[in-house]
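# Reading the structure
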Amino acid sequence: MSLAPATDRDLAASLRHGIAGVVALPEDPDYQRIMPWNAAVPVAPCAAVFAASAHDVAATVRVAASHGLTVAVQATGHGAVPIGAESILVHTGALNGCVVDSRNRTAWVGAGATWQHVLDAVTPLGLAPACGSAPGVGVVGFLIGGGIGPLVRSIGLSSDYVRAFELVTGSGEMLRVTPEQHGDLFWGLRGSKSTLGIVTAVEIELLPITEFYGGALYFDGSDAAAVLRAWQRWCVGLPESVSTSIALLQLPELPDVPSPLAGRFTVAVRYVALGSAFEGARLLAPMREVTEPVIDAVTVLPYAAIGAVHADPPNPTPAHENHALLRELAPEAVEALLAVAGPDAGSMQTVVELRMLGGVLAQPAQHRSAFCHRGAAFALTTIGALVPPIADLVPANAAAIIDALAPWSTGGQLPNFAASSDPERLARCYDEDTLYWLAALAERYDPAGVLRVGQVARYPM
Ligand SMILES: Cc1cc2nc3c(=O)[nH]c(=O)nc-3n(C[C@H](O)[C@H](O)[C@H](O)COP(=O)(O)OP(=O)(O)OC[C@H]3O[C@@H](n4cnc5c(N)ncnc54)[C@H](O)[C@@H]3O)c2cc1C
């Protein structure tokens, strides 16, 4: 739907009347600030509201409802999905506060904060958030998708560390959500992405972790088969104190890519071990012995350096992702992966990653949540750059890689990976009961469907 100019002006006037933050229409210079981290995704709402408070978010929801529009939300755009002119976009970037209660080991975190904001605030106090691989990712977007961090096998799902949410519902109500208050929403918000409202802040538990033994071993592409086969065998015996992933990399020649890794095929074995460095090194030894790495960047690191484990790109990238969960990684699965994504396969993906799951993730959490698939053994993700001359070929190539591993797939997916508003893809994130209850909760808290846009779960009627 495209609004007539007069309607645009009416809308802007209604928004500016009750909102303290900046309101921008497409022709305003501030509108450019909504450009998402994933630069391949068209984000083109009829107006952008740069919220200065939770009240601004609630006011936006009410104005949208009165104009027959929907409201989408974005912090960084790492998980952007297409947004069109039938939506107003709430940009939460200015709500980036982080207030730490070190005695109770908790932090109150605004909806626009990234994990870097939290790391900066808590690591000097000897505390650690259950963050993801990339410090530039938004805390709330990550947590409402469950959150699989680089320590996932040792500490479990990141959203299990949420104590409370502050929420604006589709009716414009402002609620505090805890296990005791609005327990139905507390269950649903941990896993359902944007289905149940706009989170304006979150309270999280912090961990007493100051350092870890970890980083990554980078191997030459010619060793890919030996390294991947060894990684598969090595994973079988790993204890919960260790988390690991492996990535087949074809990194571009860019200034921030180290020269031994730029413009060639390499393999990264990412590793994080809690406990003594001696034990961490002992457990990693079989991977170090496979062959000489081109870079050995595994050492004792302060928790503040957790982003070094995956070394994800901080700058906006036109990315295409695909994703599947595997119930096991059989030796045959490794051969299948090498055939489609190994150094001789002509893969067009920048990254093909396998994350080992299990450990604490697979154990029941204190509070049940809408996050499903705790029992999956590995997560497979492809990331390709949608740049010429391969842009048109990357999605089909990614699908071929996912298809090749189909015999080992659970059929499920994680809400945080390969962001999409496709109902069929979203349905794969949940079991039937969870999907039903999420849709029922959405109906109850957002009867007019003001927030029914973007990555929201829908029950097929
Ligand atoms: C480089 C990179 C590394 C990543 N690493 C990991 C990882 O290690 N583990 C993992 O689990 N995931 C990871 N992800 C996925 C990431 O967690 C999701 O894409 C997450 O949704 C990003 O949140 P964001 O706020 O940064 O992005 P945005 O694009 O701003 O938001 C993403 C989604 O969250 C919703 N959302 C954002 N803020 C709110 C809010 N306040 N209220 C309600 N809905 C909101 C948006 O509507 C959108 O659907 C990674 C992604 C990238 C690109």
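Residues numbered from 1 in each chain as written. Predicted model: local features only at pLDDT ≥ 70, side-chain atom pairs only at ≥ 80, totals over all residues. Heavy atoms only, no water.

Note the cut-off: UniProt positions are given in the numbering used here, feature names are shortened, and annotations may be inferred rather than shown by experiment.
Within an unreviewed UniProt entry, the label attached to the protein reads FAD-binding oxidoreductase, and the organism entered is Mycolicibacterium komossense. Database annotation for the protein, UniProt heading Sequence similarities (unreviewed entry): "Belongs to the oxygen-dependent FAD-linked oxidoreductase family."

### Focus on helix H8 (residues 277-288)
To keep it simple, the criterion reads: Think of it in three bands: with a 1.4 Å probe and only protein chains considered, a residue is buried below 20% of the maximum accessible area for its type, exposed above 50%, and partly exposed in between. Strands here mean DSSP runs of E at least two residues long; helices mean DSSP runs of H or I at least four residues long; both are numbered from the N terminus. What the arc describes is the spread of directions from the helix axis to the C-beta atoms.
For H8, the set of buried residues is Gly280, Leu283, Leu284 and Met287. Mapping the buried residues of H8 onto a view down its axis gives an arc of 90 degrees, with all of them on the same face.

### Comments concerning the environment of Arg355
Condition: By the criterion applied in these results, polar contacts are pairs of N or O atoms within 3.5 Å in which, for protein atoms, one can donate a hydrogen and the other can accept it, and in which residues neighboring in sequence qualify only through two side-chain atoms.
By secondary structure assignment, the location of Arg355 is in strand E16 (residues 351-356). Note on Arg355: relative accessible area 8%, which makes it buried. Distance from Arg355 to Ser369, taken between C-alpha atoms, is 22 Å for residues 14 residues apart in sequence. At 2.8 Å, the side chain of Arg355 forms a polar contact with the side chain of Glu353.

### Notes on the nonpolar core
Just so we agree on the cut-off: Definition of nonpolar core: a set of buried residues of the types Ala, Val, Leu, Ile, Met, Phe, Trp, Tyr and Cys, connected through side-chain atoms within 4.5 Å. Domain start and stop points were drawn from an automatic or database domain assignment. In this analysis, two residues are considered to be in contact whenever any of their non-hydrogen atoms come within 4.5 Å of each other.
Trp115, Phe165, Val202, Ile204 and Tyr303 are the most contacted members of the largest nonpolar core, which totals 54 residues. Residue contributions to this core peak at five residues, all from helix H12 (residues 432-445). Residue assignment places this core across two domains, with domain 2 (98-208 + 429-445) and domain 3 (211-408) each supplying three or more. Look past the residues within four positions of Val202 in its chain and what remains in contact with it is Ala107, Trp108, Val109, Val139, Val140, Leu143, Val162, Ala164 and Phe165. By size, the runner-up hydrophobic cluster in this structure holds 43 residues, among which are Val267, Val298, Leu329 and Ile401.

### Comments concerning the site of the ligand
Threshold: Near is defined per residue: the residue qualifies when any heavy atom it owns lies within 4 Å of the molecule or strand. Surface accessibility in these figures is a Shrake-Rupley result with a 1.4 Å probe; residues are shielded only by whichever protein chains are displayed. When residue character is reported, Ala, Val, Leu, Ile, Met, Phe, Trp, Tyr, Cys and Pro are called nonpolar, Asp, Glu, Lys and Arg charged, and the others, Gly included, polar.
Ala75, Thr76, Gly138, Ile148 and Lys193 are the nearest of the 31 residues found near the ligand. Between the ligand and Thr76 there is a distance of 2.5 Å, counted from an oxygen atom to a side-chain nitrogen or oxygen. In this structure, an oxygen atom belonging to the ligand sits 2.9 Å away from a main-chain N or O atom of Gly79. Protein contact buries 95% of the 940 Å² of open area that the ligand shows by itself. Of all the secondary-structure elements, those providing two or more residues to the shell around the ligand are strand E3 (70-74), helix H4 (139-143) and strand E9 (198-205). Examining the composition of the shell around the ligand, we find that three residues originate from one element, H4, more than from any other. Looking at the shell around the ligand, its residues break down into 14 nonpolar, 14 polar and three charged. Here the shell around the ligand gathers at least three residues from each of two domains, domain 1 (5-91) and domain 2 (98-208 + 429-445).

### Quick word on the UniProt feature "domain: FAD-binding PCMH-type" (unreviewed entry) in the protein
Taking the numbering used here, the UniProt-annotated feature "domain: FAD-binding PCMH-type" (unreviewed entry) corresponds to residues 41-209. Regarding residues 41-209, the helix share stands at 22% and the strand share at 25%, and the terminal C-alpha atoms are separated by 36 Å.

### Re the sheet that holds strand E2 (residues 47-50)
Put simply, the rule is: Paired strands are those between which DSSP finds at least two bridges. Interaxial angle, 0 to 180 degrees, is taken between N-to-C directions of lines fitted to C-alpha atoms, where a helix line uses only the stretch in contact.
The strand order E1-E2-E4-E3 describes an open sheet built from four strands, whose pairing is mixed. Either end of the sheet is taken by a strand with one partner, and the two such strands are strand E1 (22-24) and E3. Geometrically, the sheet is characterised by an average inter-axis angle of 20 degrees between neighbouring strands, direction not taken into account.

### What to know about the packing of aromatic side chains
Applicable threshold: In this analysis, rings of Phe, Tyr and Trp, with Trp reduced to its six-membered ring, are considered paired at centre separations within 6.5 Å, and the interplanar angle assigns stacked below 30 degrees, edge-to-face beyond 60, and tilted for intermediate values. We count a charge as sitting over a ring when the NZ of a lysine or the CZ of an arginine lies within 6 Å of the ring centre and within 35 degrees of the ring normal.
Counting across every chain of the model gives eight aromatic pairs. The interplanar angle of 85 degrees and the centroid separation of 6.3 Å between the aromatic rings of Tyr213 and Tyr271 together place this pair among those described as edge-to-face. With a gap of 58 residues between them, Tyr213 in strand E10 (residues 211-220) and Tyr271 in strand E12 (residues 265-273) connect regions that are remote in the sequence. A relative accessible area of 9% means that Tyr213 is categorised as buried. Here the aromatic residues Tyr213, Trp234 and Tyr271 are joined through ring pairs into a cluster of three or more. Cation over ring: Arg33 sits above Phe50, and NZ or CZ is 4.0 Å from the ring centre.

### What to know about the pairing of E10
Counting buried positions along E10 gives nine out of ten residues, so the element sits mostly inside the fold. With four bridges connecting them, E10 and strand E14 (residues 299-302) associate as antiparallel partners. Within E14, the residue paired with Gly214 across the bridge is Thr299. Inspection of the sheet shows E10 paired to E12 by eight bridges, in the antiparallel sense. Pairing of Gly215 across the sheet is with Tyr271, part of E12. Summarising the sheet, E10 and strand E13 (residues 295-296) pair through two bridges and their orientation is antiparallel. Within E13, the residue paired with Leu217 across the bridge is Asp296.

### Quick look at the environment of Pro239
Checked against the element boundaries, Pro239 lands in the loop between helix H7 (224-235) and strand E11 (242-250). A relative accessible area of 30% means that Pro239 is categorised as partly exposed. Measuring from C-alpha to C-alpha, the distance between Pro239 and Gly359 comes to 7.6 Å, with 120 residues separating the pair along the chain. When sequence neighbours within four positions are dropped, the list of residues in contact with Pro239 reads Arg153 and Leu283.

### Here we look at the packing of H7 against H8
Between H7 and H8, the least distance of the axes is 9 Å, while the angle of their chain directions is 145 degrees. Contacts from Val227, Ala230, Trp231 and Trp234 of H7 reach H8 at Leu283, Leu284, Pro286 and Met287. Across the contact of H7 with H8, the residue classes break down as eight nonpolar, no polar and no charged.

### Some remarks on the sheet that holds strand E5 (residues 98-101)
One open sheet holds the five strands; their spatial order is E5-E6-E9-E7-E8, and the pairing between them is antiparallel. The open sheet terminates on both sides in strands that have one partner only, identified here as E5 and strand E8 (174-177). Averaged over all pairs of adjacent strands, the angle between strand axes in this sheet comes to 10 degrees, irrespective of strand direction. The pairing of strand E6 (residues 106-110) with E9 spans five bridges and is antiparallel. Its bridge partner lying in E9, Val109 is registered against Val202.

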